[in-house]
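# Examining the three-dimensional arrangement
Spelled out from the first residue to the last, the chains are:
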Protein chains: 2
Amino acid sequence: MNAVILSVGDELVLGQTVDSNSAWLSARLAACGVMTLYHQTVADDLDATANAIRAAAAAAPLVILTGGLGPTDDDLTRQALARLMRQPLVLHPPSLAKIRKFFKTLGRDMPPSNRIQAMYPRGAQILKNDWGTAPGLKAKLGRSTFYAFPGVPREMMSMFAHHIEPGLARGSGRCILTRTLHTFSAGESTVAGLLGDLMDRRRNPVVGTTVSGGIVSVRIRSDFATRREAAQQLENTDAESRKRLGELLFGSDGVALEEVVGALLRKAGRSLAVAESCTGGLLAKMITDVPGSSAWFSGGWVVYSNALKHQSLDVPMTLLRRYGAVSKEVACALAEGARRKSGADYALALTGIAGPDGGTKDKPVGTVWIALASKRGRSGTINVECFRFPGDRGMVRDRAAKTALNMLRVRLA
Amino acid sequence: MNAVILSVGDELVLGQTVDSNSAWLSARLAACGVMTLYHQTVADDLDATANAIRAAAAAAPLVILTGGLGPTDDDLTRQALARLMRQPLVLHPPSLAKIRKFFKTLGRDMPPSNRIQAMYPRGAQILKNDWGTAPGLKAKLGRSTFYAFPGVPREMMSMFAHHIEPGLARGSGRCILTRTLHTFSAGESTVAGLLGDLMDRRRNPVVGTTVSGGIVSVRIRSDFATRREAAQQLENTDAESRKRLGELLFGSDGVALEEVVGALLRKAGRSLAVAESCTGGLLAKMITDVPGSSAWFSGGWVVYSNALKHQSLDVPMTLLRRYGAVSKEVACALAEGARRKSGADYALALTGIAGPDGGTKDKPVGTVWIALASKRGRSGTINVECFRFPGDRGMVRDRAAKTALNMLRVRLA
């Protein structure tokens, strides 16, 4: 089966807002074997909306539209549908009661403009929205089934899951399942080289690579007649890809590097502290993004000034003067200081030049020393490495923090 | 003038990637008086791409397409254009030389597949791409002018600015300019109440509000016949809005709260340190996102454990035991400790429960104490406040860090 996805809104057509609803809907449809023919975004305009719905209904048996169901004058989806159906808008009293009640719980009277949200073209069906004020609409247009949902992502997602997904035929003759594997520390061409013939475009499941935020991801798309076969083949390609990627691979789908590191620390019963100069708190922030991180994260120091490096973490002033703050020696002293002061099993330290200023010929912007101190016996060991990260301030900081996490991941794995 | 924007890619239609190019293009076009009729996203399919281009060229005098110019078998934009033009693809030797050279600088031979990127439909025009390997294409299709750019945002943006924007008639009879003002610490309805009649939908410039990340933004859209009038009216509405919003307003368009605070500190010649528990480094990260922040940021402590609160910042163990880590007393002790240890003029401290676990009846998830210590004379003063932030862990941390920044902003303003 095919579908067309429409989104309505001046803020989308004018580029003030990026439409993320359509991507979400197509991914969910694909998993049910429904292929999206196209997405189209139209302005808050009665003619434009009606024309887009008419063309979509002619092109596909399933049309899903988001947006244009709000209470203001520029919300015209229900009027466009009424025009195509050649029906008047009529009131749906239970919806009106629900909207009034919604405002009452906020301690306010319903503004008169919200009454329109309880109107629907005669002959259409009202779809319950338990997550907001605007109900959805469903109607037959020729041989096509048309759905309209509010544009608020949370409401749209819940309504799709409730009103459309269950009804999509499981035996549609096609199921597309996708999975994304994530790697860090090698470039896209290296990853592609390891995957080799798996990346042949004629293969099914098809395997491709993309890069985002320094993470090279491997996308697997398995397209078969049944869900069972699609799942089986997805698992086979997943297993083969993992074998080839080895240590580069750190997780799949929505998982982040910091979650993987957190899980490894928790499993090993170990703790971590950090000392950050150039990343300025980003590494600590990433680690503590993970719920429950207090179980493995002791704490951190953001030591921007030399004085603070010395006072807080006992970095000798002689080291700072002789080698400079961005040096192997200072990175090691920071890591060792953080480990000792916190009592943690591991400490990561970063010192570098994030830019845009501060670079020199010897130490250009992007130079970052990363040290990993580990408790071993009574003293400890330190690994330290120098990196030269490309890009602007944000990129250098992001790559540096991820590289530090990845050093610890490889150590723990 | 009107335009249609097309984007090509299975990853877009399947929902693996969100199309942000189209929004960017429409915003830039609107500023030149070009209204986008619709966006459409199509799959990597020759028929689908050719049909979409044909329909777009029939609908508007300007069509911009992004994507499908890569070197692989599923990049079919140039083939689709060749079909519509009824012309063969021919080689453009200077482009081929440039692509070879690009690979040479990476120390690699050009893969044979990249040769296609130097091909173009006879009669079309090759558009220079100084930012990547794939040149763009330009062609007349009936009365419409068609442009194809690579989908890589940076390349697409540079090429639009270079190849299209300068040629767009300034005297197009319409110019739409937009500006967004940002406020923090009041809800959307409060902001709307302050704006009052400025939000009348029939007004031009039209004024609307949106909320994202706790920041209530006021969008002004000025739509007039000339750039001069659009600019003048935009400034008038901007000035009136600022007057009504008062202290709530912190900046406009792309500016972030941390940049505003950084600029205020720099101007006042003051410095800042932070002590973070629940935000775990996020506040320091935000502050150091701003280039040059070492001029006003001394450093920070991420004190997750009670032991570290005591050892690093001298928070008395008796306070921690008597009042708990999430308390007014500990927030003040953290701020005072960070200010004293760092020697900074100001210190912000946060201690709270970000969740999902750790909440109690008295201190539910979202409870955060924020203290601001200021040097005054030989000792100092402390302001402290308790907040109850809604939402999940990420939201609580984000709002807490922004609220802390905003406390300092109001103090400095």
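Above this text is the structure in question.
Residues numbered from 1 in each chain as written. Chains lettered and ligands numbered in written order. Predicted model: local features only at pLDDT ≥ 70, side-chain atom pairs only at ≥ 80, totals over all residues. Heavy atoms only, no water.

We now examine the pattern of salt bridges. All names here are of chain A. Using the criterion set out here, one finds 40 salt bridges over all chains in the structure. Among the ionic pairs, Lys-285 bridges to Asp-289, the shortest N-O distance being 2.9 Å. Measuring nitrogen to oxygen at the nearest pair gives 2.6 Å for the salt bridge that ties Arg-399 to Asp-398. Asp-398 matches Arg-399 in its accessibility class, with the two residues each being buried. Connected through salt bridges with shared partners, the residues Arg-179, Glu-235, Asp-238 and Arg-242 form a single ionic network. (Salt bridge = Lys/Arg side-chain N within 4 Å of Asp/Glu carboxyl O. Buried < 20%, exposed > 50% of the residue type's maximum accessible area, 1.4 Å probe, protein only.)

Residues and elements named next belong to chain A. Tallying each qualifying case throughout the model produces 0 disulfides over all chains. In this structure Cys-32 is not part of a disulfide, and its nearest cysteine sulfur, from Cys-175, lies 7.6 Å away. Look at Cys-32 and you get buried, because its relative accessible area is 8%. Residue classification places Cys-175 among the buried positions, given a relative accessible area of 3%. (Disulfide = S-S within 2.5 Å.)

To continue, consider the sheet that holds strand β17 (residues 379-388) of chain B. Sheet architecture is open: 10 strands sit in the order β17(A)-β16(A)-β15(A)-β13(A)-β14(A)-β14(B)-β13(B)-β15(B)-β16(B)-β17(B), paired in mixed fashion. Bordering the open sheet on either side are β17 (379-388) of chain A together with β17 of chain B, each of which pairs with just one other strand. Here the average twist between neighbouring strands, direction ignored, is 10 degrees. Across 10 bridges, strand β16 (residues 367-376) of chain B lies against β17 of chain B in antiparallel orientation. Following the sheet pairing, Ala-371 of chain B is matched in β17 of chain B by Val-384 of chain B. (Pairing = 2+ DSSP bridges. Helix = DSSP H or I, 4+ residues; strand = E, 2+ residues; numbered from the N terminus. Axes fitted to C-alpha atoms, helices over the stretch in contact; angles between N-to-C directions.)

This next bit is on the relation of the copies chain B and chain A. Note on the identical chains: chain B maps onto chain A by a rotation of 180 degrees and an axial translation of 0.4 Å, with an RMSD of 0.4 Å. Taken together, the rotation and translation describe the operation of a two-fold axis. Mapped onto chain A, 95% of the interface residues of chain B again fall at the interface, so both copies present the same surface. (Least-squares fit on C-alpha atoms with pLDDT ≥ 70 in both. Contact = heavy atoms within 4.5 Å.)

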